[in-house]
Amino acid sequence: MDILKVMGQRLKELRNEKRRYQRELGELLDITTRHYQKIERGEVNISVLALCSLADYFEVSVDYLLGRTDER
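Residues numbered from 1 in each chain as written. Predicted model: local features only at pLDDT ≥ 70, side-chain atom pairs only at ≥ 80, totals over all residues. Heavy atoms only, no water.

### Remarks on the overall build of the protein chain
The cut-off we apply is this: Under the DSSP-based scheme used, a helix requires at least four consecutive residues in state H or I and a strand at least two consecutive residues in state E, with every element numbered from the N terminus. Put simply, the radius of gyration uses C-alpha atoms, and a globule should come to 2.2 Å times the residue count raised to 0.38. Each residue gets one of three labels from its accessible area relative to the maximum for its type: buried under 20%, exposed over 50%, partly exposed in between, using a 1.4 Å probe on protein chains only. Contacts are residue-level and defined by heavy atoms, with any inter-residue pair within 4.5 Å sufficient. Residue exposure ignores everything except the shown protein chains as possible cover, and the areas themselves are Shrake-Rupley values with a 1.4 Å probe. His is not counted here, nor are the chain ends, while Lys and Arg score as positive and Asp and Glu score as negative. The atoms used to mark charge sites are NZ of Lys, CZ of Arg, CG of Asp and CD of Glu.
From N to C terminus, the protein chain includes five helices and zero strands. Of the regular secondary structure in the protein chain, the N- to C-terminal order runs α-α-α-α-α. Whereas a compact globule of 72 residues would reach a radius of gyration of roughly 11 Å, the protein chain reaches 11 Å, a difference of no more than 12%. Viewed in the frame of its principal axes, the protein chain has a C-alpha envelope of about 30 × 20 × 20 Å. Sorting the 72 residues of the protein chain into buried and exposed places 35% on the buried side. Long-range pairs, those at least 24 residues apart, make up 56% of the contacts in the protein chain between residues at least 6 apart in sequence. Summing over all exposed atoms, the protein chain offers an accessible surface of approximately 4700 Å²; the carbon and sulfur share of this is 46%. On the protein chain, the mean spot of the 13 positive side-chain charges and the mean spot of the 13 negative ones are 6 Å from each other.

### Quick word on the side chain of glutamine 22
Cut-off, in case you're wondering: We call two N or O atoms a polar contact when they sit within 3.5 Å, provided that within protein one can donate a hydrogen and the other can accept it, with sequence-adjacent residues counted only if both atoms are side-chain atoms.
Structurally, glutamine 22 can be placed in helix α2 (residues 22-29). In this structure the side chain of glutamine 22 is engaged in a polar contact, spanning 3.0 Å, whose partner is the side chain of glutamate 40.

### Quick notes on the pattern of salt bridges
Threshold: One speaks of a salt bridge when a side-chain nitrogen belonging to Lys or Arg is within 4 Å of a carboxyl oxygen belonging to Asp or Glu.
Across all of its chains, the model carries seven salt bridges by this definition. Here arginine 72 makes a salt bridge to glutamate 17, at a shortest N to O gap of 2.8 Å. In this pair, arginine 72 sits in the segment after α5 (62-65) while glutamate 17 sits in helix α1 (residues 3-17), placing the two residues 55 residues apart along the sequence. Classification of glutamate 17 as partly exposed rests on a relative accessible area of 46%. Overlapping salt bridges bring together Glu13, Glu17 and Arg72 as one network.

### Regarding helix α4 (residues 48-58)
Formally: The arc in question is the one spanned by the directions pointing from the helix axis to the C-beta atoms.
Within the sequence span of α4, burial applies to Ala50, Leu51, Leu54, Ala55 and Phe58. The buried side chains of α4 occupy one side of the element, clustering within an arc of 135° when seen end-on. In α4, those exposed residues whose orientation departs by more than 90 degrees from the buried face are Val48, Leu49 and Asp56. Count one or two residues on from α4 and you reach glutamate 59, which has phi positive near 55°.

### Thoughts on the packing of aromatic side chains
We apply this condition: The criterion for an aromatic pair is that two Phe, Tyr or Trp rings (for Trp, the six-membered ring) have centres within 6.5 Å, with stacked assigned to planes under 30 degrees apart, edge-to-face to planes over 60 apart and tilted to the rest. Cation placement over rings: the criterion is NZ of Lys or CZ of Arg within 6 Å of the ring centroid and within 35° of the ring normal.
As enumerated under the stated definition, the model contains one aromatic pair in all. Here tyrosine 57 and phenylalanine 58 contribute two aromatic rings whose centre-to-centre distance is 5.0 Å and whose plane-to-plane angle is 85°, an arrangement assigned as edge-to-face. By relative accessible area, which is 6% here, phenylalanine 58 ends up buried. Directly above the ring of tyrosine 64 sits arginine 10, whose terminal nitrogen or CZ lies 4.2 Å from the centroid. Sitting over the face of the ring of tyrosine 57, lysine 18 holds its NZ or CZ atom 5.1 Å from the ring centroid.

Next up, the structure:
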């Protein structure tokens, strides 16, 4: 499976667990809601800084977000 798709699925799952809106994650990353939606659909790549920010926010490893491990 495409790494961007895996990351998007995991981000969506984590966001739903925390009961957050896509808008809130867009604000965290200083991007539009539309752009964040594309990230969750695996349509766009994100910067390393954004990836690290999301991993920190959700308290998971970058490797987990990228699908390199199933251990959060």
